[in-house]
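# Tertiary structure, described
So you can see what is in the structure, the chains are spelled out below.
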Amino acid sequence: MSETAAAFDRRMLEALVCPLTHATLEYDAEAQELISKGAKLAFPIRNGIPVMLVDEARPLDD
């Protein structure tokens, strides 16, 4: 999984925003997710590619 983590370009975070709130995202390297605190969603990163579909996001626990 470390190869997948290395494949994600952290500079991409500057260009990506939450599709619901349009707010910035936080990168969770351990879970390989992009976190939107405003939408309370975690978007997966698969094979180094962020999946920014709301239907694919995991709801965050409060």
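Described in the following lines is the structure provided in the data block.

Rules and cut-offs
Residues numbered from 1 in each chain as written. Predicted model: local features only at pLDDT ≥ 70, side-chain atom pairs only at ≥ 80, totals over all residues. Heavy atoms only, no water. Helix = DSSP H or I, 4+ residues; strand = E, 2+ residues; numbered from the N terminus. Buried < 20%, exposed > 50% of the residue type's maximum accessible area, 1.4 Å probe, protein only. Contact = heavy atoms within 4.5 Å. Pairing = 2+ DSSP bridges.

## Looking at the side chain of S36
Looking at the secondary structure, you find S36 in strand β2 (residues 33–36). Overall, S36 belongs to the buried group, its relative accessible area being 1%. Excluding anything up to four places from it in sequence, S36 contacts C18, T21, L25, L41, F43 and L60.

## Some remarks on the pairing of strand β3 (residues 41–46)
Taking burial as the measure, the six residues of β3 include five buried ones, the bulk of the element. Where β2 and β3 come together, four bridges link them in antiparallel fashion. When the sheet's bridge partners are listed, E33 is paired in β3 with P44. The antiparallel hairpin formed by β2 and β3 contains four residues in its connecting segment, where K40 sits at a positive phi of about 55°. Pairing geometry for β3 and strand β5 (residues 58–59), over two bridges, is antiparallel. Within β5, the position partnered with L41 by the bridge is P59. Here β3 runs beside strand β4 (residues 49–50); their pairing, made up of two bridges, is antiparallel. Among the inter-strand pairings, I45 is bridged to a residue of β4, identified as P50.

## Quick word on unusual backbone geometry
The backbone of K40 sits at a positive phi, close to 55°, despite the residue not being glycine. With respect to the helices, strands and loops of the structure, K40 is situated in the loop between β2 and β3. Classification of K40 as partly exposed rests on a relative accessible area of 46%. Not every positive phi belongs to a glycine, and N47 is a case in point at roughly 55°. In this fold, N47 is placed in the loop between β3 and β4. Owing to a relative accessible area of 69%, N47 belongs among the exposed residues under this scheme.

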